[in-house]
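# Descriptive analysis of the structure
Single-letter residue listing:
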Amino acid sequence: MLFTEDATYYADLVKNKKISCLKLVEYAIDNAIKLQPILNCITITWFDKALCQAKKMDRQLQYLTEDERQKLPPFYGVPTLLKDLTEFWEGTVTSNGCALMRDKVSSRTDAYVQKVLEMGFLPIGRSNVSEFGLKTVADSNAFGAVCLPQDITRNPGGSSGGAAAAVKAGIVPIAMGSDAGGSIRVPAGYTGLIGLKPSRGRIASGPGIYRGFNSLSTQFALAKSVRDVFTMLKNASVYIPYAMCSLPTIKEEKIQSLTKPLKIAYSVQSLSDEPTSSDAIKAIKSIVSYLKAMGHEVIEDAPAIDIVKLFHFYYTTCLVETGRNLANFKDQSDRVLCKALGDLAWLSYKIGPQISAYEYSGMLKDQDILIEQNAKFYQNYDLFLTPTTISVAPKQTECALPQTLKNLLSNLQSMSIREQRDVAIQAFDNTYRWTPFTQLMNLTGDPAISLPVYETINGLPIGVQISSLKGNEYRLLQVAKDFEEHGLLKTHIVSL
């Protein structure tokens, strides 16, 4: 059985004794076995572990009254996938999409995964990712490319591409992800799902690490309904007083309808050299027309930001943070590492350690200015609307770096650090040319959500991204719920 409904639906079936946890897990395992050869969306499986836990949860159900069953965790017995990147679960492998880490067993469970387990989810495995989450496509050297369910010649985006493909194909009703530069929103946009990047400091983090990827990254999920997103947000958020950045938990118990018109800015201007496609523009225009018809004030405008500094900050963070993650492998030869690592990870390994603390400190000052400028923009607007991506999901053949760039990568040793940095900029520019709208919100810490409101004549989705000031997830979900109630969200699964 494919999971055509949202996660809440299946949890309700369990609580009302209309289906067992075991049966749901068996369905998910059967789906995974049948569809993994087509989609390549899963890297690691825990089928026996999930079956054992499902049986245990079913035994617990036998002794509960109806009232007690309704008070069970919100997603009790629902199968899911953890992301094969940073979502550490003690005793299991987290490879980060890297061939060098395929046998790396986690010694701890991180706070977000603990929250996922406390919500009642049953993880059956890990979803495929881009190596270290460095790309907005999922095609690591270690596990290969993920395929878009609507067209397997295309990539569903990244880095949470495996999660998106699994949910859209109905393998599981919801899957976990993370977002440091669009890694939830981009796959949601390409596949036709709801993808929220929460505010910095909203979601449980730690232990030991509270500024993942220089505070750009946050964990969350890819979902098919607004109610699943809201329930996840309520249960995964936590205030951590000793963390550098932490927000109070959300107090609202349910999503209320909007009570007044909003002032909304929108832009279709690409922040890369790749122009915004006509379909992405159509997606925005259709939503602008709808919002105006609903009484909102919608104005074409955008934050006045320094695009060069924005992407310099993002690329430099990628190089430094990933380079640091790879420091443990410096005892291996460059020849071995060059072969084992993907292009961007190899660049990070070589260049990251050479970036000075002096430069990094100056970059953080630029980030503060960017945050301040963005906050001033939201003094005039409630929301900011853009395409999630500039076009539909890319062909698999378009995802690799051009051979000319690959040739430069193979000759890094003979280059000066300045020349190496220039090559890195070219490589990152090439990778992010289709997805230039998402990184801003990671740098500022603002929440943003990708909503599946548009499909091309060929049935390929393009998401629209709505963002707001830090802490304003509830407002985003109010708008998303309005779209959902008016039938605008195209979250149906694709049967293969």
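This one's a predicted model, so the numbers in the text were calculated from it and none came from an experiment. (Residues numbered from 1 in each chain as written. Predicted model: local features only at pLDDT ≥ 70, side-chain atom pairs only at ≥ 80, totals over all residues. Heavy atoms only, no water.)

### As for the overall build of the chain
Here is the rule: Only DSSP runs of H or I reaching four residues or more are called helices, and only runs of E reaching two or more are called strands; each is numbered from the N terminus. Within these notes, the globule rule equals 2.2 Å times the number of residues to the 0.38 power, and the radius of gyration is based on C-alpha atoms. When accessible area is computed with a 1.4 Å probe and restricted to protein chains, residues below 20% of their type maximum are described as buried, those above 50% as exposed, and intermediate ones as partly exposed. The contact rule is simple, with two residues in contact once any of their heavy atoms fall within 4.5 Å. Using a 1.4 Å probe, accessible areas were evaluated by the Shrake-Rupley method; residue-level cover was limited to the displayed protein chains. In this count, Lys and Arg are taken as positive residues and Asp and Glu as negative ones, while His and the chain termini are left out. By convention, the point assigned to a charge is CZ for Arg, NZ for Lys, CD for Glu and CG for Asp.
What the chain contains, in helices and strands, is 17 helices and 13 strands. For the chain, the C-alpha radius of gyration of 21 Å lies close to 23 Å, the compact-globule estimate for 496 residues. Relative to its full complement of 496 residues, the chain shows a buried share of 60%. Put simply, of all contacts in the chain between residues at least 6 apart along the chain, 79% involve residues at least 24 apart. Summed over all atoms, the accessible surface of the chain reaches about 19,700 Å², with 51% contributed by carbon and sulfur. Computed over 52 positive and 49 negative side-chain charges, the separation of the two mean positions in the chain equals 3 Å.

### So, the sheet that holds strand S6 (residues 175-179)
Backbone-to-backbone hydrogen bonds join strands into a sheet, with any given pair of strands oriented parallel or antiparallel. Formally: Pairing between strands requires that DSSP locate at least two bridges from one strand to the other. Geometry is summarised by axes, namely lines fitted to C-alpha atoms with helices restricted to the contacting stretch, and by angles between N-to-C directions that run from 0 to 180 degrees.
If you trace the eight strands from one edge of the open sheet to the other, you get S6-S8-S7-S12-S13-S11-S9-S10, paired in mixed fashion. Each edge of the open sheet is held by one strand with a lone partner, namely S6 and strand S10 (297-300). Sheet twist, expressed as the mean angle between neighbouring strand axes with direction ignored, is 25 degrees. Bridging between strand S11 (residues 383-387) and strand S13 (residues 461-467) involves four bridges; their strand directions are antiparallel. Following the sheet pairing, leucine 385 is matched in S13 by isoleucine 466.

### Focus: the environment of proline 394
As for its position among the elements, proline 394 is in the loop between S11 and helix H14 (403-409). Judged by its relative accessible area of 3%, proline 394 is buried. Between the C-alpha atoms of proline 394 and glycine 157, which are 237 residues apart in sequence, the distance is 8.0 Å. Other than its neighbours up to four places away in sequence, proline 394 contacts Val137, Arg154, Asn155, Tyr190, Cys399 and Trp434.

### Things to note about the pairing of S11
A large share of S11 lies buried, amounting to five of its five residues. Summarising the sheet, strand S9 (residues 263-266) and S11 pair through three bridges and their orientation is parallel. Residue isoleucine 264 lies in a different strand from S11, and its bridge partner there is leucine 383.

### Comments concerning the sheet that holds strand S1 (residues 42-45)
A sheet is described by the order of its strands in space; here three strands give the open sequence S1-S3-S2, paired in mixed fashion. Bordering the open sheet on either side are S1 and strand S2 (79-83), each of which pairs with just one other strand. With strand direction ignored, the average angle separating the axes of adjacent strands in the sheet is 40 degrees. By the bridge criterion, four bridges tie S2 to strand S3 (residues 122-127) in an arrangement that is parallel. Note that in S3 the partner of threonine 80 across the bridge is proline 123. Those strands touched by helix H3 (residues 47-62) are S1 and S3, and its axis lies near 160 degrees from that of S3.

### Quick word on the nonpolar core
To keep things clear, this is the line we draw: We call a set of buried residues a nonpolar core when its members are Ala, Val, Leu, Ile, Met, Phe, Trp, Tyr or Cys and they connect through side-chain atoms within 4.5 Å of each other.
By size, the foremost hydrophobic cluster in this structure holds 108 residues, and its most contacted members are Met232, Leu385, Leu451 and Phe483. By residue number, the principal contributor to this core is helix H2 (residues 21-39), which donates eight residues. Non-local contacts of leucine 451, meaning those with residues more than four positions away in its chain, are made with Leu193, Ile194, Gly463, Val464, Ile466, Ala480, Phe483 and Leu489.

### Some words on the packing of aromatic side chains
The following threshold applies: Working definition: rings of Phe, Tyr and Trp (its six-membered ring) pair if their centres are within 6.5 Å, and the pair is stacked with planes under 30 degrees apart, edge-to-face with planes over 60 apart, and tilted otherwise. Here, a charge over a ring is recorded when the distance from Lys NZ or Arg CZ to the ring centre is within 6 Å and its angle to the ring normal is within 35 degrees.
Across all of its chains, the model carries 17 aromatic pairs by this definition. Ring centres 5.4 Å apart and planes at 75 degrees place the aromatic pair phenylalanine 377 and phenylalanine 384 in the edge-to-face group. Take phenylalanine 377: its relative accessible area is 8%, and that puts it in the buried class. Linked through ring pairs, Phe311, Tyr314, Tyr315, Phe428 and Tyr432 together constitute an aromatic cluster. Between lysine 23 and the ring centre of tyrosine 27, over which it is positioned, the NZ or CZ distance is 5.8 Å. The positively charged end of lysine 263 is found above the aromatic ring belonging to tyrosine 381, 5.2 Å away from the centroid.

### Observations regarding the packing of helix H10 (residues 307-325) against helix H13 (residues 357-377)
As a reminder, the rule being used: We call two directions roughly parallel when the angle between them is under 35 degrees, roughly antiparallel when it is over 145, roughly perpendicular when it lies between 65 and 115, and oblique otherwise. By definition, turning the near helix anticlockwise from the far helix through less than a right angle yields a left-handed crossing, and turning it clockwise yields a right-handed one.
The contact between H10 and H13 brings their axes to 10 Å, and the two run at 135 degrees. As far as their axial angle goes, H13 and H10 are oblique. Between H10 and H13 lies a crossing of left-handed hand. For the pair formed by H10 and H13, the contact residues are Lys309, Leu310, His312, Phe313, Thr316, Thr317, Val320 and Glu321 on the first element and Glu359, Tyr360, Met363, Leu364, Asp366, Gln367 and Leu370 on the second.

### A word on H3
Rules: Here, expected helix span is obtained from the residue count minus one, scaled by 1.5 Å. Directions drawn from the helix axis to the C-beta atoms are what define this arc.
Taking 1.5 Å as the rise per residue, H3 with 16 residues should run 22 Å; its terminal C-alpha atoms sit 23 Å apart, in good agreement. Among the residues of H3, Phe47, Ala50, Ala54, Met57, Asp58 and Leu61 are the ones counted as buried. Along the axis of H3, the buried residues cluster in a sector spanning 105 degrees; they form a single face. Exposed side of H3, more than 90 degrees from the buried face: Asp48, Cys52 and Gln62 are the residues found there.

### Some words on a nonpolar patch on the surface
Applicable threshold: Any residue with relative accessible area above 30% and no salt bridge may belong to a patch, with like charges joined within 9 Å and the nonpolar Val, Leu, Ile, Met, Phe, Trp and Tyr side chains within 5 Å. Salt bridge, as used here, is a side-chain nitrogen of Lys or Arg placed within 4 Å of a carboxyl oxygen of Asp or Glu.
Residues Ile38, Ile152 and Leu496 make up a contiguous nonpolar surface patch of roughly 250 Å² in combined accessible area. Tracing the sequence through the fold places isoleucine 152 in the loop between strand S5 (144-145) and helix H6 (161-168).

### Thoughts on the state of the cysteines
Selection rule: Only a pair of cysteine sulfur atoms within 2.5 Å counts as a disulfide in this structure description.
In this structure the tally under the stated criterion is zero disulfides. Free cysteine cysteine 52: the closest other cysteine sulfur is in cysteine 21, separated by 13 Å. Owing to a relative accessible area of 52%, cysteine 52 belongs among the exposed residues under this scheme. Between cysteine 98, a free cysteine, and cysteine 338, which holds the nearest cysteine sulfur, the sulfur-to-sulfur gap is 13 Å.

### Structural notes on a negative patch on the surface
Judged by side-chain charge, Asp273, Glu274, Glu398 and Asp429 come together as a negatively charged surface patch. Residue position: aspartate 273 is located in the loop between S9 and helix H9 (278-293).

### With respect to the pattern of salt bridges
Under the counting rule described, the total for this entry stands at 17 salt bridges. Across the pair aspartate 179 and arginine 185 runs a salt bridge whose closest N-O atoms are separated by 2.9 Å. Taking relative accessible area as the criterion, arginine 185 reaches 0% and is therefore assigned buried. Via salt bridges that share partners, Asp151, Arg154 and Lys395 belong to a single interconnected network.

As far as function goes, none of this settles anything; it's purely spatial.
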